[in-house]
4 protein chains.
Amino acid sequence: MNEKQKKKPWAGRFKSELDPIVQKYTRSVHVDRRLAPYDIQGSRAHVRMLAAQGLVTSRDEEQILRALGQIEEEIESGQFPYRDELEDIHMNIEYRLQEIAGEAGGRIHTGRSRNDQVALDLKMLCLQTAIGWRAQILEIQKVLLERAQELKTSLFPGWTHLQAAQPLSWGHYLLAFGEMLGRDDRRLAFFQELHSTSPLGAGALAGSTLPLDPERSAQELGFAASFANSYDVVGDRDFLLELLQIACQLMLHLSRLAEDFLYFSSTAVNWIELPDSLCTGSSMMPQKKNLDVLELARGKTASVLGHATAVACLIKGLPTSYHRDLQQDKEHLFATIDAVIGTLEVIPLVVSGFQINQERVQNAMKQGFLMATDLAEYLVTRGTPFRVAHERVGKLVAYCLEEGLTLEQLSLEKLQELAPECGPEVREVLKLESFLRRRWHKGSSGLVSIEQQIAHWGERIGALS
Amino acid sequence: MNEKQKKKPWAGRFKSELDPIVQKYTRSVHVDRRLAPYDIQGSRAHVRMLAAQGLVTSRDEEQILRALGQIEEEIESGQFPYRDELEDIHMNIEYRLQEIAGEAGGRIHTGRSRNDQVALDLKMLCLQTAIGWRAQILEIQKVLLERAQELKTSLFPGWTHLQAAQPLSWGHYLLAFGEMLGRDDRRLAFFQELHSTSPLGAGALAGSTLPLDPERSAQELGFAASFANSYDVVGDRDFLLELLQIACQLMLHLSRLAEDFLYFSSTAVNWIELPDSLCTGSSMMPQKKNLDVLELARGKTASVLGHATAVACLIKGLPTSYHRDLQQDKEHLFATIDAVIGTLEVIPLVVSGFQINQERVQNAMKQGFLMATDLAEYLVTRGTPFRVAHERVGKLVAYCLEEGLTLEQLSLEKLQELAPECGPEVREVLKLESFLRRRWHKGSSGLVSIEQQIAHWGERIGALS
Amino acid sequence: MNEKQKKKPWAGRFKSELDPIVQKYTRSVHVDRRLAPYDIQGSRAHVRMLAAQGLVTSRDEEQILRALGQIEEEIESGQFPYRDELEDIHMNIEYRLQEIAGEAGGRIHTGRSRNDQVALDLKMLCLQTAIGWRAQILEIQKVLLERAQELKTSLFPGWTHLQAAQPLSWGHYLLAFGEMLGRDDRRLAFFQELHSTSPLGAGALAGSTLPLDPERSAQELGFAASFANSYDVVGDRDFLLELLQIACQLMLHLSRLAEDFLYFSSTAVNWIELPDSLCTGSSMMPQKKNLDVLELARGKTASVLGHATAVACLIKGLPTSYHRDLQQDKEHLFATIDAVIGTLEVIPLVVSGFQINQERVQNAMKQGFLMATDLAEYLVTRGTPFRVAHERVGKLVAYCLEEGLTLEQLSLEKLQELAPECGPEVREVLKLESFLRRRWHKGSSGLVSIEQQIAHWGERIGALS
Amino acid sequence: MNEKQKKKPWAGRFKSELDPIVQKYTRSVHVDRRLAPYDIQGSRAHVRMLAAQGLVTSRDEEQILRALGQIEEEIESGQFPYRDELEDIHMNIEYRLQEIAGEAGGRIHTGRSRNDQVALDLKMLCLQTAIGWRAQILEIQKVLLERAQELKTSLFPGWTHLQAAQPLSWGHYLLAFGEMLGRDDRRLAFFQELHSTSPLGAGALAGSTLPLDPERSAQELGFAASFANSYDVVGDRDFLLELLQIACQLMLHLSRLAEDFLYFSSTAVNWIELPDSLCTGSSMMPQKKNLDVLELARGKTASVLGHATAVACLIKGLPTSYHRDLQQDKEHLFATIDAVIGTLEVIPLVVSGFQINQERVQNAMKQGFLMATDLAEYLVTRGTPFRVAHERVGKLVAYCLEEGLTLEQLSLEKLQELAPECGPEVREVLKLESFLRRRWHKGSSGLVSIEQQIAHWGERIGALS
């Protein structure tokens, strides 16, 4: 057995070297090196626990901690000698630890398996990621709130089915994203709570005969508790899948914003404009100004959905306990984290940067009979059943379409011909400006409701900031 | 315009009838009739609110409530005259309401749109589903607990990578599923909390100019609050996607159980047997006894993953607000609910019904050097660094493999030859029976830990029952 | 053992009845009855082969064929007595066959297993489905071709990134979908070829000791050959997954068309109008006219993607041979078939029915500097390197944006100031009308190319019709 | 405008620099540099066509070709100065070209857009990938064939539902994978044919006013033809999705092999053994020998499914033409290619390396009543209807189970008691050794059929090699 093979911590029982093709296929250190900081943090907690329990001497503890510090520096400064033949980052670090700390290094893995070690590292990364995303969400909410305040009385043609429906305040519109992101934030907070159990000490699957104290290391690492069942925890990737599921939902929210803004700013619609600094051009068409950031946000949503699907499919068909299939979870997790962080970074620029082309919007407000529903509701206040009112306004609209008129342009006589309950105040009802004033109830797009929402979010963001 | 077309509540502004191919393509009443009970419940709350706000008279309210009662009975008894040409269940019910209650029926849709109505019905169904699943999960946990108690000292060869790893108590094994399902239960509980906001009153997207009181209907329907932002809520399907994501995770847990039990009971392994009453046969091979229930559980996991993927993909690329694409969410939701309920129904039968073939298990325990880790940890207690201990035991295993021996069969001399730190007590360490006794720490598969887990779950289930 | 249980063809070796919960969970006849016509067709071919090989008498053959005819009629007329307790459609038919034909009916399953039987039925359905889809695709291509011919010289602002890019002929635009659907058609044709192997005769997994003649039944059923390897074929669902993959691609093509048309017809863009007969309204907003068909087409694309994902995930993690997980494939297949057929039915209505709002389109053509690329290419013909030309035109565009001008409105002097190589013929280049005339090469959106494409597709469709 | 910004080929019309966050978010050169060889090849063909058409001088052509050669060397030797701020590999190469070749370099993009350029590069990579995979598949088929020949008369207990079903020859078993991979190969061959159209010349979406000759460059690049419709081809990613779909199917085949082999080699089954050189160990458990390669193959199948889902979802909801969302397709494509190549590399090692533990297999053959179907078919040859025969054998099996006997151990009397049609030759029927001899028909697992299959594949592989 040569030097290279000897490096494997598990080589004792093997007769022949690993086939180089298999070595290449099974190595993961080029991917999982990203776990290094968590691996070191976990090892620190582990060795302190071992020392406290008398499983290593305080001299060994010291040596190991010093070596871990050195390894941390080597990794940060790019000096760490990664070795593909040592499979993964965990073995790379342990091997280096032995190089630096000698025999003491051979004690770090006491009462530990790569199974609980990997589970720990991944969970720490996921929990840390949740913290980061929540901070970014908060930033977006601040920007949404600022712009909602600024634009609370500015209207544009709200749609359903992309067909003009009713006027909508930009403020109310932006606050809707505040709601969506608020739900994402609450899911992340619950995620942190649900998965705050440390796997360290579960070993390969059964815990250890040594007098470990998993609660102690859990506490040091900031977990609420240590694992309740070693067998559950070594094969548990619920936290990883759940984070991807939350990411998927979060990205869907952002992709709907992207979809809207791409529509708003498309040449033929042109309600809003984004600063040049957020746009790119074309290699062939000299006049182009494209909103690639938003298209990428939408595209990355698809990627995240694919990653979440991959991980769910990965687990489907797996028996319990640890299987190497799970190694694949990392590349999907890491790609998702990057996609989400990047998107959360660009979205605030878009929200804070967009400018409204008021002339285009005002022209658009004249189309689509946006006040038709208000008119029908006005008829209801005159005692007409809603179904009858709906039909009467429908016929008025049909008449307008034929004549090329807007509802506002109809004479009172014409209005009364098809909707006899109309009084002169109907003209007021049909004015776009009345829209925000005539809605009072909670959650509606009336001005009162919008200001309530702004106050609510102001408080909440203030509390979180 | 003929009679058939006139039935559409929105026909006022249209010049021509709907093309029959389009009618067929857009109808959904054959699917969404499942929402009828929630639709009626929602209409009751809506009309009571309208009456309380003076938007309908108490006479109208009474007539509408009576008609809703009649419709409910018609639906339950299979007498309801579903009409495909009325598109969906909501229009079917409203149309029937007008048939029964006349003009009063034309007032039910006051201040309401199908957008908030559908969102309400779906959300009520999803919340109700969460309650049902939680009750079923509790039943499984009871069965798991009973069998864990019964089998707590019964061992089998635990694996990682399907390779014999360490002994495992059936009790500890079953309690691992208790942990998994416990997480599902907590996610469902959080789901109920996060989405306890009523959409009723949001209208098409902007709320209403009428003096609605959304809080009142929310309260009557058992929601914690009414919606905060009308625009958010009409296009919000977060709750639906999140329920499918939870379903996906839950089914993955059950599919891992299925995978294990299919392995355990496969002819070549044969550690457990399931009662004939849970198995089916072959049309060609007379001797077959197949565990189709478990294979179906695994298969339905794939189906649920597909449904969750479909709904996420459905929303990806959608602008905000309501779009008819969302109609597709129902068939994926309903299929998922059925798959999950059915699987939660059969799993307890499997868990309570399986019998252990002790002879087969005992034979299997002799293979795979299950006590190798305990031996290495014993060497650690003698002062050997774990890495050295690991290698020494690895070499002992290699020796045993060559000689066709088990570790227990090695003489003390042989043991000491390769692992000089062995004392005579090593023979005790190598006995399988010592496994449960020699593990003390929390969460481990030692007897103390298993009994702690049983006590914990006993209390928790007691509290929930 | 009671009467009900006795019905199971595999009951011989079982001691107890199937648990009713398991019965409900495992039954599939409510879903797979859709396979009945193929099951009967397959049974006919099987019994004729058995008779030809002397495995049943011609009297038995006759009786069985007569009984199959009766069953076929019962199913078609809705008289067939489906029994849930007989699990699936295959056992239902076999049981009924025995009721009608007595002992002869007990011979139909000679040398056959449900494994090869189900594989056969599914494959026949899939191949038949491919034929149907291809016929529908051809219909759409005819409509595309007609409208392309009609609109070949009619321009609109082509986009990339939804930003105005270059003029585009509606004809060239529609022919692009002809290309996409042409690829789908070719994939379906290859699908028919690749999977034209009959599974009948493969039995449970190993074929039969009886002198079967699988080639004979394959030929009768219209397959190119019988299976090459019995073990492969009983667990093979490649054809089913491949059909779903093709469906996924096909629906993606149609969803892009839907996405475009929803944009074109959105109120703010309003380039095209669809007939009222293809649109639906709103329950609350009297003025709405929504293109629900296109949104549903897009939504059903997501559903099909979910179904394809489910089936791939179903197979992932399965050992070879038949497992009951595969039962789940049916609901995903059937739902996909319905979604695709329905969508292929509505799309031609949309393509043939849309009308262009020329005034809106003409206005839109003035925005977005659509001729900028032609201008840059003109500079290239004057000897300027393209990169320089691109930059010069970019600056001209920047100037126009500042001054609120179009390129056409620039004086020759201004043009020459920033792009000195301009000659007077540049004014011709900048005219939108020149666009179609100035493109000559194959595949371009010039008129010559469009007419070549129309000729090509005219021939191909003529040949296929 | 500073130097850095000027580098963008599209900067002409922009007023401000790209925000660094947007720059980071939109850059892709760290991913798409993998396309460099195809980009250079495409540029060569493009410039030669430009020269042949008189659009660049032969002097420019020469300079550009020389510069491209230099760039190629720089990339291969790792000297190429990648610049993130130039977004993607295409702009990096074009910029470098201008650095090297000066003004001539500014002519390379004549009549070309990044849209057709990216489509070309990706398509060339995909077609090249198909060639590579097919070669690897051929290698696996050779190994399968060799081992099938070696093991054609060696039996093991075939299963359905993991329950012992009928004996199976290892040869027949391995040839089933030959069939599966044969279908994959045929799909890849069709893929090459269907997508052999060059996008070069389609420009941004509309082709060019310059006298390009797309057929010429298509031919030089080895395509069967140039694009038929420029608008189709710039947004066409069918080929990419189709390749991922084929990859998904291919990996599913390999994952089923992996699943089987993991079962076969699990400690409790132990029918086969893999060489140490293909296995890895455990960091904690000294005795472990794990088949990580097969678990990774299974895991990578899930990854590929996720990537295919991502790309389908990416396109869903996209309008026609090019959108930046499509940038995301690359990371899914590249990850898939690596996963597939790696897996195709390790599978032959597994197939050629596995050894059968004959003793374990022979013991297993005694369980599960593997000859029950042969017995039932024997009864059929005695004139008994199959349903009756099936039931009689079922009862014999039930009797054996009660008495702890195998079918072979039953006396003729006992056999005749429950199946009176048995003659003395029944003992021969029940012998496992007769299994291969008593199956004659095509595709069955009889020896004759296996040898036919081997001959068939021998010829086909010979022809392809």
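The rules behind these values
Residues numbered from 1 in each chain as written. Chains lettered and ligands numbered in written order. Predicted model: local features only at pLDDT ≥ 70, side-chain atom pairs only at ≥ 80, totals over all residues. Heavy atoms only, no water. Phe/Tyr/Trp six-rings, centres within 6.5 Å; stacked < 30°, edge-to-face > 60°. Helix = DSSP H or I, 4+ residues; strand = E, 2+ residues; numbered from the N terminus. Domains from an automatic or database assignment. Contact = heavy atoms within 4.5 Å. Buried area = accessible area lost by both parts, 1.4 Å probe. Salt bridge = Lys/Arg side-chain N within 4 Å of Asp/Glu carboxyl O. Polar contact = N/O pair within 3.5 Å; in protein donor to acceptor, adjacent residues only side chain to side chain. Buried < 20%, exposed > 50% of the residue type's maximum accessible area, 1.4 Å probe, protein only. Pairing = 2+ DSSP bridges. Nonpolar A, V, L, I, M, F, W, Y, C, P; charged D, E, K, R; others polar. Least-squares fit on C-alpha atoms with pLDDT ≥ 70 in both. Arc of directions from axis to C-beta. Disulfide = S-S within 2.5 Å. Axes fitted to C-alpha atoms, helices over the stretch in contact; angles between N-to-C directions. Parallel < 35°, antiparallel > 145°, perpendicular 65-115°, else oblique.

### Let's talk about the packing of aromatic side chains
In the structure shown here, the tally under the stated rule is 76 aromatic pairs over all chains. Note on Phe261 of chain B and Phe354 of chain B: the rings are 5.1 Å apart at their centroids and 90° apart in plane angle, and the pair reads as edge-to-face. Taken as a pair, Phe261 of chain B in helix α11 (residues 238–264) and Phe354 of chain B in the loop between α13 (329–353) and β6 (355–356) lie far apart in primary sequence, 93 residues in all. On the basis of an interplanar angle of 80° and a centroid distance of 5.2 Å, the ring pair of Trp159 of chain D and Tyr263 of chain D is categorised as edge-to-face. Within this pair, whereas Trp159 of chain D is found in strand β1 (residues 155–160), its partner Tyr263 of chain D is found in helix α11 (residues 238–264), the two being separated by 104 residues in sequence.

### Quick word on the domain arrangement of chain A
All names here are of chain A. For chain A, the assigned domains are domain 1 (17–110), domain 2 (115–153 + 168–363) and domain 3 (366–464). Each of domain 1 and domain 2 was reduced to a C-alpha centroid, and the two centroids are 30 Å apart. Listed by partner, the interface residues are 24 residues for domain 1 and 24 residues for domain 2. Taken together, both faces of the contact between domain 1 and domain 2 bury some 2200 Å²; the carbon and sulfur share is 63%. Counting every contact that joins domain 1 to domain 2 gives three salt bridges. A salt bridge links Asp338 to Arg34; its shortest N-O distance comes to 2.8 Å. Counting every contact that joins domain 1 to domain 2 gives seven residue pairs in polar contact (both at pLDDT 80 or more). Residue assignment for the side of domain 1 that touches domain 2 shows that the elements contributing at least two residues are α3 (29–32) and α4 (36–52). Among the elements that line the side of domain 1 that touches domain 2, the one with the most residues is α4, at eleven residues.

### Some details on the side chain of His441 of chain B
Tracing the sequence through the fold places His441 of chain B in the loop between α18 (426–429) and α19 (447–464). By relative accessible area, which is 5% here, His441 of chain B ends up buried. Other than its neighbours up to four places away in sequence, His441 of chain B contacts Gly201, Gly207, Ser208, Leu210, Leu212, Pro214 and Phe227 of chain A together with Ser449 of chain B.

### Notes on the pairing of strand β2 (residues 163–169) of chain B
Successive side chains on a regular strand alternate, one facing one side of the sheet and the next facing the other. Residues and elements named next belong to chain B. With seven of seven residues buried, β2 is to be regarded as a mostly interior element. Of the strand pairs in this sheet, strand β1 (residues 155–160) and β2 are connected by six bridges, and their pairing is antiparallel. Residue pairing for β2: Trp159 is matched across the bridge by Ala164. Counting the residues between successive antiparallel strands, the hairpin from β1 to β2 contains two residues, one of them, His161, with a positive phi of roughly 55°.

### Concerning the interface of chain B and chain A
Contacts between chain B and chain A engage 112 residues on the former and 112 residues on the latter. Carbon and sulfur atoms supply 57% of the area buried between chain B and chain A, which totals about 9700 Å² over both sides. At the junction of chain B with chain A, the criterion picks out 16 salt bridges. Broken down by element, the residue count for the side of chain B that touches chain A peaks at 13 residues, all from helix α8 (residues 170–194) of chain B. When the residues that make up the side of chain B that touches chain A are grouped by side-chain class, the tally is 41 nonpolar, 41 polar and 30 charged.

### Side note on the relation of the copies chain B and chain C
For the match of chain B to chain C, the screw axis carries a shift of 0.0 Å, the RMSD comes to 0.0 Å, and the turn is 180°. In symmetry terms, the pair is related by a two-fold rotation axis. For chain B, the residue whose C-alpha comes nearest the rotation axis is Gly306 of chain B, separated from it by 2.2 Å. Looking at the interface residues of chain B, 100% of them are also at the interface in chain C, so both copies use one shared face.

### As for unusual backbone geometry
Residues and elements named next belong to chain B. Phi at Asn270 is positive, roughly 60°, even though this residue is not glycine. Examined against the element boundaries, Asn270 turns out to sit in the loop between α11 and β5 (272–273). In this structure, Ser321 takes a positive phi of about 75° despite not being glycine. Looking at where Ser321 falls in the secondary structure, it is placed in the loop between α12 (292–315) and α13.

### Some remarks on helix α14 (residues 358–365) of chain B
Residue and element names in this part refer to chain B. For α14, the set of buried residues is Val361, Ala364 and Met365. Along the axis of α14, the buried residues cluster in a sector spanning 105°; they form a single face. Elements in contact with the buried residues of α14: β1, β2 and β6.

### Some remarks on the pattern of salt bridges
Per the counting criterion, the structure on display carries 165 salt bridges over all chains. Across the salt bridge formed by Lys395 of chain A and Glu391 of chain A, the nearest N and O atoms sit 3.6 Å from each other. Here Glu391 of chain A and Lys395 of chain A lie together in helix α16 (residues 386–403), a separation of four residues that amounts to about one turn. Its salt-bridge partner being Glu87 of chain D, residue Arg324 of chain D comes within 3.3 Å of it at the nearest N-O pair.

### Thoughts on the interface of chain B and chain C
Size of an interface: often given as the accessible area lost when the parts come together. Opposite the 69 residues of chain B that make contact, chain C presents 69 residues. Counting each side, the surface lost to burial between chain B and chain C is near 5900 Å², with a carbon and sulfur contribution of 61%. Counting across the interface, chain B meets chain C through six salt bridges. Where chain B touches chain C, the interface holds 34 residue pairs in polar contact (both at pLDDT 80 or more). Of the residues assigned to the side of chain B that touches chain C, the class counts are 24 nonpolar, 25 polar and 20 charged.

### Overview of the state of the cysteines
A full pass over the atoms with the stated rule returns zero disulfides over all chains. Free of any disulfide, Cys279 of chain B has its nearest neighbouring cysteine sulfur in Cys400 of chain D, separated by 19 Å. Free cysteine Cys248 of chain D: the closest other cysteine sulfur is in Cys313 of chain A, separated by 7.9 Å.

### Concerning the packing of helix α4 (residues 36–52) of chain B against helix α5 (residues 58–76) of chain B
Residues and elements named next belong to chain B. Packing of α4 against α5 leaves a shortest axis separation of 10 Å and a crossing angle of 175°. When the axis of α4 is compared with that of α5, the two are roughly antiparallel. Where α4 approaches α5, its residues Ala36, Ile40, Ser43, Arg44, Val47, Arg48 and Ala51 are matched on the opposing element by Glu61, Ile64, Leu65, Leu68, Gly69, Ile71, Glu72 and Ile75. Of the residues contributing to the contact of α4 with α5, the split by class is nine nonpolar, two polar and four charged.

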